[in-house]
Amino acid sequence: MSNGGRLKVFSGRANIPLADKIARHIGDPLGKITLANFPDGEISCRIDEDVRGRDIFVVQPTCPPVNENLMELLVMLDCFKRASAARITAVVPYYGYARQDRKDQGRVPITAKLVADLISEAGADRVLALDLHAAQIQGFFDIPVDHLYAQPVINDYVRSLGIPPRDFIVLSPDEGSVKKAVAYQKKLGGEIAIVDKRRSSATETRQANLIGPSLVDKTVVIFDDMISTAGSMVGAARTAQLAGAKEVYACATHGVLCGPAIEKLRESAIKEVVITDSIPLPPSKHLPCLKVLSVAPLLAEAIKRINSNESVSTLFK
Ligand code: R5P
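Residue indices begin from 1 for each chain and proceed along its sequence in written order. The model is predicted, so local features are restricted to residues of pLDDT at least 70 and side-chain atom pairs to those at 80 or more, both for listing and for counting; the totals for chains, interfaces and linings are taken over all residues. Values shown for side chains rest on all heavy atoms present in the structure; no hydrogens or waters enter the calculation.

**Student:** Would you explain the site of the ligand in this entry?
**Tutor:** The nearness test applies per residue and asks whether one of its heavy atoms lies within 4 Å of the molecule or strand. Among the 15 residues in the neighbourhood of the ligand, the closest are listed as Arg-99, Asp-224, Asp-225, Thr-229 and Ser-232. Measuring from an oxygen atom of the ligand, one finds a side-chain N or O atom of Arg-99 at 2.8 Å. Contacts to the ligand include Asp-224, whose side-chain N or O atom sits 2.5 Å from an oxygen atom. For the ligand, whose unbound accessible area comes to 370 Å², protein coverage reaches 91%. Helical segments are the DSSP runs of H or I of at least four residues, strand segments are the runs of E of at least two, and each set is numbered from the N terminus. In terms of residue count, strand S11 (residues 219-227) provides more of the shell around the ligand than any other element does, four residues in total. Residue classes follow a fixed rule: Ala, Val, Leu, Ile, Met, Phe, Trp, Tyr, Cys and Pro count as nonpolar, while Asp, Glu, Lys and Arg count as charged, and any other residue, Gly among them, counts as polar. Looking at the shell around the ligand, its residues break down into three nonpolar, six polar and six charged. Contacts described as polar in this section are N or O atom pairs within 3.5 Å, which, within protein, must combine one atom able to donate a hydrogen with one able to accept it, while residues neighboring in sequence count only if both atoms come from side chains. Note on areas: Shrake-Rupley with a 1.4 Å probe; residue coverage comes only from the protein chains shown.

What follows is the structure in C-alpha cells.
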C-alpha cells in the first residue's frame, strides 16, 4: 500500500542521465519541470504537471557546481511543498559539503549539518542518500534517511575481474576508510592493508606507511567513498606499487574528479578506476581506464519500496 500517493520522479539539472535511467527502471517518464536561471543567476523553477497528493522523488546530487546544485535542490523542494505534494523525498546520490562533518579545529562550521537543516527546512519529508561520507550524517536530519551503499554494484564488478583470492588485497587509502574496506573484504575475501595517509591541506596528502601484509606480486584493489582531487587514490596506488603490487585497481562510489584529478589518474599506473554514475561524467573527463557503473537500478528499487512502504534495508544485503 502506498504511503504518499502515486509516485513521480523529477530531476534537477545536476544529473539528468541518472534520473532518466531511474525513471526508466521504474517504468514512468520523468516529471515535467522547467528549470532555468534568471539573468542575475537566480534559479527559476516551475512544475509543469499536477503534483497534488503525489509521492514526489526529487533526484539531485549536490556535486560540482555544488552551490548551484544545492540551491536548485532547495528551490525544487520549496516548489513541490507549495504545489501540495503529499510527500517529498530528496534523492541525493552524492551529498556535497559532507566532509565538514565535525569541528576538527576551532572556529570552523559543520556544513554537513547545515545542509541537512536546509534540505529539511526547504520541504523534504525524507532523504534517500548513497554512500554518505560518514554514516553519522543520517543523524543530522530529524526526518527519515534511507542510506544506500553502492557496494553490491561495485562488488559484482570486482568479482567479474576473477582475481584469485590468494592474490587479492583490499587496500584502504586511509584510516577513515578502514570500516568500508573491511565491509568489502568480508564480501570479496582477500586480505586487508591500510595506507597511513597524512593530509596537510584540501589538496595535499602524503602517504607515510603501509600497514598489513606484503603486497609483493598481489592484485590490490583500493576502495574509497569518493575520488575528489585523486590525491588519496593515486597516492595509495603509488604506495602499493612501491610495495611490489602486481596491479592496482581503484574503486570509489563518487567520481567528483575535480582539480588535477583527471591528470593524476591519467599519469598513474592504476589499471582501472571504477566509479558510479552518482555524479555525471562530462566527455572532457573520460579516460580509457575509467569504468562507470550505474546505481540507477539500486535507486529505482529503493524509490519503489519507499513508495509502497516496503523494507529498503533488504537492499543493503
Ligand atoms: C577522505 O576522507 C575521503 O574518504 C577521500 O579519501 C578523500 O576525500 C578523497 O579526496 P582526494 O581525492 O582529494 O584525495
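Let's pick the thread back up.
**Student:** Would you mind showing me how to read the nonpolar core here?
**Tutor:** The nonpolar side chains of a soluble globular protein tend to be buried with one another. Core analysis: the largest hydrophobic core is formed by 39 residues, its most contacted members being Ile-22, Leu-148, Phe-223 and Ile-303. In terms of residues, this core owes the most to one element, helix H8 (residues 296-307), which gives seven residues. In this document the domain limits rely on a domain assignment from an automatic tool or a database. Each of domain 1 (7-149 + 296-316) and domain 2 (151-293) contributes no fewer than three residues to this core. The next biggest cluster of nonpolar side chains, apart from the first, holds 35 residues, and it includes Leu-35, Val-115, Ala-124 and Ala-134. Put simply, buried Ala, Val, Leu, Ile, Met, Phe, Trp, Tyr and Cys residues joined by side-chain atoms within 4.5 Å make one nonpolar core. For every residue, the accessible area (1.4 Å probe, protein chains only) is compared with the maximum for its type, and the residue is labelled buried under 20%, exposed over 50%, or partly exposed between those bounds.

**Student:** Would you mind going over the sheet that holds strand S6 (residues 126-130) with me for this structure?
**Tutor:** By definition, the strands of a sheet pair up through backbone hydrogen bonds, in either a parallel or an antiparallel sense. Taken together, five strands build an open sheet; the order of strands is S1-S4-S5-S6-S7 and the sheet is parallel. The open sheet has two edge strands, strand S1 (7-11) and strand S7 (145-148), and neither has a second partner. For this sheet, the mean inter-axis angle between neighbouring strands, taken without regard to orientation, is 20°. Contact between two residues is taken to exist if any of their heavy atoms lie within 4.5 Å; hydrogens are not considered. All axes are obtained by fitting lines to C-alpha atoms, using only the stretch in contact for helices, and the reported angles, taken between N-to-C directions, cover 0 to 180 degrees. Across the face of the sheet, helix H1 (residues 16-26) comes into contact with S1 and strand S4 (55-59) while running at roughly 165° to S1. Only when DSSP finds a minimum of two bridges between them are two strands counted as paired.

**Student:** Would you mind going over the packing of H1 against H8 with me for this structure?
**Tutor:** If you want to describe how two helices pack, look at the angle between their axes and the distance between the axes. Closest axis-to-axis distance for the H1/H8 pair is 8 Å, and the angle between their directions is 55°. By the angle class used here, H1 and H8 are oblique. For the element pair H1 and H8, the recorded crossing hand is right-handed. The residues of H8 that touch H1, namely those facing Leu-18, Lys-21, Ile-22, His-25 and Ile-26, are Ala-296, Pro-297, Leu-299, Ala-300, Ile-303 and Lys-304. In the contact of H1 with H8, the residues fall into eight nonpolar, one polar and two charged. To sort the angles, those under 35 degrees are grouped as roughly parallel, those over 145 as roughly antiparallel, those from 65 to 115 as roughly perpendicular, and the leftovers as oblique. What makes a crossing left-handed is the near helix being turned counterclockwise from the far one by less than a right angle; a clockwise turn instead makes it right-handed.

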